[in-house]
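# Tertiary structure, described
The chain contents come next:
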Amino acid sequence: MNKLEEFREFAKTKPFLKTLVENGTYTWQDLFERYDIYGSEDEVFKEEKEEEKEESEETTHEEKKEGLGSILDAISGFDADKISDGLNGMKKILGILSEVTKPDEAPKVSKRKMSRPYQRNDD
């Protein structure tokens, strides 16, 4: 049995490897190279179970925060001064863009006035 076949059999015993590839964390090539170099004892093949446990604990903690408390927690992380500065900067940018894109407001001059500018119209 060559290394590739060994890796395929090993990957069948570790179903979380498929989710790692689907999530885009690793490719099958990356996992095979780690298996080839470091063997089945590599940290990638061990830590995933512990991380899954930590993630499940985090989701239960997040589920406890519901309603108004979760909204207040989210808002408490914002700095009002930075938001105000950002909005003022956007106002300035929009003002400049509106000035640049404004059409010319020059008065329209008729063709007759251009051809005979000093001619009187009361003739």
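Use the structure listed above.
Summary of the structure given here. All values reported here derive from a predicted model rather than from experimental measurement.

### What about the nonpolar core?
Phe7, Phe10, Ala11, Phe16, Leu17, Leu20, Leu31, Phe32, Tyr35, Val44 and Phe45 form the largest nonpolar core, which has 11 residues in total. Secondary structure elements with two or more residues in this core: helix 1 (3-13), helix 2 (16-23), helix 3 (28-38) and helix 4 (43-64).

### Brief notes about the packing of helix 1 against helix 3
For the pair helix 1 and helix 3, the least separation of the axes is 10 Å and the interaxial angle reads 110 degrees. Considering the angle they form, helix 1 stands roughly perpendicular to helix 3. Here helix 1 contributes Lys3, Leu4, Glu6, Phe7, Phe10 and Ala11 to the contact with helix 3, which in turn contributes Trp28, Leu31, Phe32, Tyr35 and Asp36. When grouped by side-chain class, the residues that make up the contact of helix 1 with helix 3 number eight nonpolar, no polar and three charged.

### Regarding the environment of valine 44
Within the element layout of this structure, valine 44 appears in helix 4. Considered as a pair, valine 44 and tyrosine 26 are 18 residues apart in the sequence and their alpha carbons are 9.9 Å apart. If near-sequence neighbours (up to four positions away) are discounted, valine 44 is found in contact with Phe16, Leu20, Tyr26, Leu31 and Arg34.

### Side note on the pattern of salt bridges
Enumeration over the complete set of coordinates arrives at two salt bridges. Notably, a salt bridge pairs lysine 12 with glutamate 9, separated by 3.7 Å at the nearest N-O pair. Placement of both lysine 12 and glutamate 9 in helix 1 is noted, with a separation of three residues, approximately one turn of the helix. For lysine 12, a relative accessible area of 64% translates into the label exposed.

Rules and cut-offs
Residues numbered from 1 in each chain as written. Predicted model: local features only at pLDDT ≥ 70, side-chain atom pairs only at ≥ 80, totals over all residues. Heavy atoms only, no water. Core = buried A, V, L, I, M, F, W, Y, C linked by side-chain atoms within 4.5 Å. Buried < 20%, exposed > 50% of the residue type's maximum accessible area, 1.4 Å probe, protein only. Helix = DSSP H or I, 4+ residues; strand = E, 2+ residues; numbered from the N terminus. Axes fitted to C-alpha atoms, helices over the stretch in contact; angles between N-to-C directions. Parallel < 35°, antiparallel > 145°, perpendicular 65-115°, else oblique. Contact = heavy atoms within 4.5 Å. Nonpolar A, V, L, I, M, F, W, Y, C, P; charged D, E, K, R; others polar. Salt bridge = Lys/Arg side-chain N within 4 Å of Asp/Glu carboxyl O.

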